[in-house]
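Coordinate inspection notes
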Amino acid sequence: MLQINGLNLTHKKDLRIILDKFDLVLNYGDKAAIIGEEGNGKSTLMKWIYNPEIVEDYIEAEGTRILGNERLGYLPQELQDKDKEKSLYEFFSEMDCFWNQTPKDLGEYANKFGVSVDFFYSEQKLVTLSGGEKVKAQLMKLLMQEPTVLLMDEPSNDIDIASLELLEKIINEWQYIVLFISHDETLIENTANMIVHIEQIQRKTKCRYTVAKMGYRKYVEERLNAFEKQEQQALSDKREKQIRDEKYRRVLDSVQHALEDCSRQCPSVAKNLKDKMHTVKSMGKRFEKEDENMTQMPEQETAIFFKLGSETSKIPAGKTVVEYSLDKLYTPDEDRILSKDIVLNIKGSEKICIVGMNGAGKTTLLRKMAQDLLNRTDIRAEYMPQNYEDLLDLNMTPVDFLDKTGEKEERTKIRTYLGSLKYTADEMDHPIRELSGGQKAKVLLLKMSMSEANVLILDEPTRNFSPLSGPVIRKMIQEFPGAVISISHDRKYIKEVCEKIYELTVDGLKQREME
């Protein structure tokens, strides 16, 4: 059993409260998903549960965690700096438990995760692996340690669809405790039997959390139904209050008018009227107390919303946007051929998705395509890389990064847009390095929106957005009037947004049938 009692988490820098009196009990068989908007503290909570010392530099924490005999295993959202320059062999062999693995054990891991047995002994540095390969390496190392509590922060990021299905199998078959953060709605729907929802409401001035022992889809439906019921009751209470208050005002005005017209020659009448006025005012005070218990309109953290593209982003249906060909695609260090005879043609506002196994070269290909398309003058292309730091200056604030003119009007407009993306005034003035992955992604999306681009090149565009914002992001890209070239393993994104799917193989791009 894993138990958390009375946990308070507060940002030291801006004193924003992330969690207040947070309680959670997890037992064997629980598969709990932590959800919430970007920057709400999901990763901070996960780190604190694993090791409170990790967050001491920026978080004030109070509360207790009871672990008993549980063994915690933690998969961080990003590969740790201390591991980036290690070879795969160094990464695995530094664990004593690695040497307890038999050749058969390693063969089973390799087969499950779609790698060769040589993967464990490779001299390749982790920093040079694809995003999905990094996750696979960390996950295999974690499982070798035989934890009883799996703490996983975005395990679904960057892994291919086959590995996503394997991850679902691992979670569903896990006999002990799983607590994970993911933005992959399909993964959450297929695995979680408990939802931990962290919210920041009233423009992030108030925190709220919900622990629901149910699946994600049921939670969303019950939450929506509860909000609708509360809203209807609040509107009904408001209408009844208006009718009651109007009647009260008429009685009050009548008695007040009668008192003013009452002559001093009628002291008995005046006394009766004063008594009546006292009764009426007592009734008014009673109404005020009743109003304190009126049903309030529901407070909820709404998903982000803004439009991507404009009328100038439209591309004529017959216009050829991309005629791309590449004889050979090499690894970034050019020591190996990943694919050959690559051809891709896109017309009009087509939205295509490139899929393939981890390490196939999808990100390398998209980066090369972006270099070509960004230099063209007949289209206006914008690129969102898988690694946001390739484009973002982490020392700048979001406002400074987006501001191209320095004019007051421009900066005011940027702040308005950032506000619509659920940034607080403080967050707008924080260095980008202090923002969450989702908040960094929002900066790039806003940059695209303000640029009036008509071609978007997107590497895993939904990877850092919450399940609640995911549908909004998908709709935004689906309605974009220009062309979209993307890489994604998000099954809902592929189904709802993409018109054509191409798989990157060693023999080029092969169009796949839509499911």
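Please read all numbers here as calculations on a predicted model, not as lab measurements.

On to the confidence of the model for the chain. Within the chain, residue pLDDT values average 88, and 95% of them lie at 70 or more. Averaged over each element, pLDDT in the chain is lowest for helix α9 (residues 267–291) (76) and highest for strand β7 (residues 177–181) (97).

With that settled, consider the domain arrangement of the chain. Splitting the chain by domain gives domain 1 (2–223), domain 2 (224–293) and domain 3 (311–512). Measuring from the centre of the C-alpha atoms in domain 1 to the corresponding centre in domain 3 gives 26 Å. Carbon and sulfur atoms make up 45% of the area that domain 1 and domain 3 hide from each other, which totals about 2,900 Å². Inspection of the domain 1/domain 3 interface yields six salt bridges. Residues K13 and E434 are paired through a salt bridge, measuring 3.2 Å at the closest nitrogen-oxygen approach. Where domain 1 meets domain 3, there are ten residue pairs in polar contact (both at pLDDT 80 or more). Among the elements of the structure, α5 (131–144), α6 (161–173) and α7 (185–191) are those that each provide at least two residues to the side of domain 1 that touches domain 3. Across the side of domain 1 that touches domain 3, the residue classes tally to seven nonpolar, twelve polar and 17 charged.

Looking at chain direction, strand β12 (residues 351–355) and strand β16 (residues 500–505) are connected through four bridges and run parallel. The partner of V355 across the bridge, within β16, is E503. Pairing analysis gives five bridges linking β16 to strand β17 (residues 508–512), with the strands arranged antiparallel. Each bridged residue has a counterpart across the sheet, and for L504 the counterpart in β17 is L509. In textbook terms, the turn of a hairpin is the stretch between consecutive antiparallel strands, and for β16 and β17 this stretch comprises two residues.

Right, let's talk about the pattern of salt bridges for a bit. Applying the stated rule across the entire model yields 32 salt bridges. Salt-bridge contacts for R474 lead to E185; the nearest nitrogen and oxygen are separated by 2.5 Å. Remark: E185 occurs in helix α7 and R474 occurs in helix α15 (residues 470–478); sequence separation between them is 289 residues. Both residues of the pair, R474 and E185, count as buried. Across the pair K447 and E382 runs a salt bridge, and its minimum N-O distance is 3.0 Å. Placement of K447 in helix α14 (residues 437–451) and of E382 in strand β13 (residues 381–384) is noted, with a sequence separation of 65 residues between them. K447 gets classed as partly exposed once you look at its relative accessible area, which sits at 24%. Here the residues in one salt-bridge network are E185, E189, R217, R474, K492 and E496, joined through shared partners.

Attention now moves to the nonpolar core. Formed by 45 residues in total, the largest nonpolar core has its most connected members in F92, F120, M144, M152 and F180. Per-element tally for this core: the top contributor is α5, with seven residues. Once residues lying within four places of it in the same chain are set aside, the contact partners of M144 are F92, M95, C97, F98, Q101, L106, Y109 and F120. Grouped together as the second largest cluster of nonpolar side chains are 38 residues, Y388, Y423, M476 and I477 included.

By the secondary structure assignment, Q256 is in helix α8 (residues 216–261). Remark: the alpha-carbon pair of Q256 and M277, spanning 21 residues in sequence, is separated by 7.4 Å.

With their axes 11 Å apart at the nearest point, helix α4 (residues 103–113) and α5 run at an angle of 140° to one another. Taken together, the axes of α4 and α5 lie oblique to each other. Both α4 and α5 take part in a crossing whose hand is right-handed. Between α4 and α5, the residues in contact are L106, Y109 and F113 and K136, L139, M140, L143 and M144, respectively. Split into classes, the residues belonging to the contact of α4 with α5 amount to seven nonpolar, no polar and one charged.

Quick look at the sheet that holds β17 now. The strand order across the open sheet formed by six strands is β13-β14-β15-β12-β16-β17, and the pairing between neighbours is mixed. Each edge of the open sheet is held by one strand with a lone partner, namely β13 and β17. Strand-to-strand twist of the sheet, defined as the mean angle between neighbouring strand axes without regard to direction, takes the value 20°. The strands touched by α14 within the sheet are β13 and β14 (455–459), with β13 carrying the most contacts at an inclination of about 175°.

Now for the packing of aromatic side chains. Under the defined criterion, the tally for this structure stands at 13 aromatic pairs. Pairing Y50 with Y74 gives two aromatic rings, centres 4.8 Å apart and planes at 25°, and the pair type is stacked. Within this pair, whereas Y50 is found in helix α1 (residues 42–50), its partner Y74 is found in strand β5 (residues 72–75), the two being separated by 24 residues in sequence. Residue class for Y50 comes out partly exposed when judged on its relative accessible area of 32%. Relative to W99, the ring of F98 has its centre 5.4 Å away and its plane inclined at 75°; by these criteria the two rings are edge-to-face. Overall, the relative accessible area of 52% leaves W99 in the exposed class. These aromatic residues form a ring-pair network of at least three members: Y89, F91, F92, F98, W99, F119, F120 and Y121. Over the face of the ring belonging to F91 we find K141, whose NZ or CZ atom lies 3.9 Å from the ring centre. A cation sits over an aromatic face here: K404 above F401, 5.4 Å from the ring centre.

What counts and how
- Residues numbered from 1 in each chain as written.
- Predicted model: local features only at pLDDT ≥ 70, side-chain atom pairs only at ≥ 80, totals over all residues.
- Heavy atoms only, no water.
- pLDDT = per-residue confidence, 0-100.
- Helix = DSSP H or I, 4+ residues; strand = E, 2+ residues; numbered from the N terminus.
- Domains from an automatic or database assignment.
- Buried area = accessible area lost by both parts, 1.4 Å probe.
- Salt bridge = Lys/Arg side-chain N within 4 Å of Asp/Glu carboxyl O.
- Polar contact = N/O pair within 3.5 Å; in protein donor to acceptor, adjacent residues only side chain to side chain.
- Nonpolar A, V, L, I, M, F, W, Y, C, P; charged D, E, K, R; others polar.
- Pairing = 2+ DSSP bridges.
- Buried < 20%, exposed > 50% of the residue type's maximum accessible area, 1.4 Å probe, protein only.
- Core = buried A, V, L, I, M, F, W, Y, C linked by side-chain atoms within 4.5 Å.
- Contact = heavy atoms within 4.5 Å.
- Axes fitted to C-alpha atoms, helices over the stretch in contact; angles between N-to-C directions.
- Parallel < 35°, antiparallel > 145°, perpendicular 65-115°, else oblique.
- Left-handed = near helix turned anticlockwise from the far one by under 90°.
- Phe/Tyr/Trp six-rings, centres within 6.5 Å; stacked < 30°, edge-to-face > 60°.
- Lys NZ or Arg CZ within 6 Å of the ring centre and 35° of its normal.

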